[in-house]
Amino acid sequence: MRARASRRSGVRSGTMVLAVVAAIGLGTGTASAVTADPGDTVVSYDFEPVVAADGTSQTIFTNGGSADVVTSVVSAYGGTVQAVESRPTQGSAVRFPTFDASSTGPRAVVKIVNRTSTDVLAPGSRDFSWSADFNIDAETSSHTRGSTDNGDNLFQRGLFSDTQYKLDVDDHQPSCRLRGSSGATGAVRVIAPLTVVPSQWYHATCTRTGNQLSIEVDAFDDTGAVTQQWTRTATSKRGFGTFTWAKTGTPLSIGGKLTATGKPAGGSGDQFNGVVDNAVLTIQ
Ligand SMILES: [Ca+2]
Ligand SMILES: [Ca+2]
């Protein structure tokens with residue numbers, strides 16, 4: 001059972017250029033994702049305060065899914081992830097740094113890695129989906145020369161040239177990208193047919209079904225009701241192949257891009273500028 005407590009700020013970064021500001025142990029599950037039960041929610045972050053069993057500490061970075069993972073916040077140049085109010089009925093959420101494309105722009109990303117040598121974040125050959133609620137700022141990227149932030153990566157594992165599943169909101173357009181063992185020729189990106197409105201809540205879901213990749217985006221009104229929905233599907237003609245990583249330490253990230261070793265990607269960090277809630281990975 002998880003004990004609930006009053007809301008408070010999540011974590012604060014130190015003054016180091018690169019600092020791990022929170023490292024929270026999670027769960028006791030040992031299930032492998034690839035052998036998990038169909039429909040298993042592997043990762044689920046609702047960012048609600050959870051008090052440790054001994055009552056001495058509290059975190060909002062707790063995986064409510066089955067995966068045995070370690071969650072932390074990595075930051076650079078004073079970036080922080082703060083607990084803020086979520087959309088109606090959803091408690092708290094996490095606020096990422098505001099836009100700054102300079103070489104010293106504050107960066108902060110939630111990092112999720114396997115606790116053991118079993119890669120529970122790899123879907124293998126299974127169908128799977130990944131999703132999140134978000135509320136993005138008006139100013140989020142610059143494509144001018146020298147910019148260190150030209151995108152808004154929301155939820156991803158792997159980089160562009162690696163095996164990757166990704167949800168981003170680059171240029172205020174939600175999109176999903178998948179690249180599996182078939183490599184670049186089998187990779188697909190599907191872009192939702194809308195431009196999101198800043199400071200409004202949306203929910204986006206990416207789904208891999210066989211050789212298809214689909215995106216669904218829901219918009220909410222002030223009461224939390226869905227007011228509009230957009231969907232789009234694309235097909236990988238070659239097929240995606242499977243989704244595994246050579247290094248089980250390859251991080252899953254929320255709110256930005258991390259290098260393979262789990263540090264904020266400096267030159268092109270794609271820091272998400274806005275608020276995120278309910279980041280979920282489900283393997284069928
Ligand atoms: Ca929440
Ligand atoms: Ca950005």
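The shown structure was predicted, so the numbers you read here are calculated from the model rather than taken from an experiment.

The rules behind each value
Numbers given for residues are sequential positions, taken from 1 along each chain in its written order. Each chain is given a letter, starting from A, and each ligand a number, starting from 1, according to the order in which they appear as written. For a predicted model such as this one, the threshold for reporting local features is a pLDDT of at least 70, and the threshold for listing and counting side-chain atom pairs is 80 or more; totals across whole chains, interfaces and linings nevertheless cover every residue. Only runs of H or I of at least four residues qualify as helices and only runs of E of at least two qualify as strands under DSSP, and these elements are numbered from the N terminus. Burial is judged by counting other C-beta atoms within 10 Å of a residue's own C-beta: 20 or more means buried, 12 or fewer means exposed, and anything between counts as partly exposed, with every C-beta placed from the backbone. The contact rule is simple: place each C-beta atom from the backbone, and if two of them lie within 7 Å, those residues are in contact. Residue-level confidence of the predictor is summarised by pLDDT, bounded by 0 at the bottom and 100 at the top. Think of a nonpolar core as buried Ala, Val, Leu, Ile, Met, Phe, Trp, Tyr and Cys residues chained together by C-beta atoms that fall within 7 Å. Should DSSP find at least two bridges between two strands, the strands are taken to pair.

What to know about the overall build of the protein chain
Argument step 1. Along its length, the protein chain carries zero helices and 19 strands.
Argument step 2. The buried share of the protein chain, taken over its 284 residues, is 44%.
Argument step 3. Of all intrachain contacts in the protein chain linking residues separated by at least 6 positions in sequence, the fraction that spans at least 24 positions is 70%.

Side note on the confidence of the model for the protein chain
Argument step 1. A residue-level look at the protein chain finds 87% of positions with pLDDT of 70 or above and a mean pLDDT of 88.
Argument step 2. Taken together, the stretch residues 1-33 has pLDDT below 50 and engages in 85 contacts with residues farther than four places along the chain or on a different chain.

Re unusual backbone geometry
Backbone phi values are negative for most residues with the exception of glycine, while trans is the configuration of most peptide bonds.
Argument step 1. Even without being glycine, F47 reaches a positive phi, approximately 60°.
Argument step 2. Along the chain, F47 turns up in the loop between β3 (40-45) and β4 (50-51).
Argument step 3. Using a count of 27 C-beta atoms within 10 Å as the deciding quantity, one classes F47 as buried.
Argument step 4. With phi around 50°, N278 is a residue other than glycine that occupies positive phi space.
Argument step 5. As for its position among the elements, N278 is in strand β19 (residues 274-283).
Argument step 6. On the basis of neighbour counts, which here come to 19 C-beta atoms within 10 Å, the residue N278 falls in the partly exposed class.

Points about the nonpolar core
Argument step 1. Ranked by internal contacts, the top residues of the largest apolar core, which has 59 residues, are V43, V94, A132, F134, L154, L167 and V276.
Argument step 2. Setting aside its immediate chain neighbours within four residues, L167 contacts W130, A132, L154, F155, Q156, C176, A204 and C206.

Here's the deal with the pairing of strand β10 (residues 128-136)
Argument step 1. Counting buried positions along β10 gives eight out of nine residues, so the element sits mostly inside the fold.
Argument step 2. Pairing analysis gives seven bridges linking β10 to strand β15 (residues 202-209), with the strands arranged antiparallel. Bridging from a neighbouring strand, F134 pairs with Y202 of β15.
Argument step 3. Alignment of β10 against β19, held across eight bridges, turns out to be antiparallel. Bridged to I136 within β19 is G274.

Regarding the environment of G151
Argument step 1. Mapping G151 onto the fold places it in the loop between β10 and β11 (153-157).
Argument step 2. Between the C-alpha atoms of G151 and K257, which are 106 residues apart in sequence, the distance is 9.6 Å.
Argument step 3. Those residues in contact with G151 that sit more than four places away from it in its chain are S141, D168, D170 and D270.

Let's talk about the environment of L213
Argument step 1. Its location among the elements puts L213 in strand β16 (residues 212-220).
Argument step 2. In this structure L213 comes out as buried when scored by C-beta crowding, with 23 C-beta atoms within 10 Å.
Argument step 3. Excluding residues within four positions of it along the chain, L213 makes contact with C176, L178, V188, V190, C206, R208, A234 and S236.

A short note on the environment of V197
Argument step 1. Counting through the fold element by element, V197 comes out in the loop between β14 (188-191) and β15.
Argument step 2. Along the backbone, V197 and I136 are 61 residues apart, and their C-alpha atoms lie at a distance of 7.9 Å.

Some thoughts on the pairing of strand β9 (residues 107-114)
Argument step 1. A large share of β9 lies buried, amounting to seven of its eight residues.
Argument step 2. When strand β6 (residues 69-76) meets β9, the two strands line up antiparallel, connected through eight bridges. Within β9, the residue paired with A76 across the bridge is R107.
Argument step 3. One ladder, built from three bridges, connects β9 with strand β18 (residues 252-254); its direction is antiparallel. Bridge assignment links I112 to a residue of β18, and that residue is L252.

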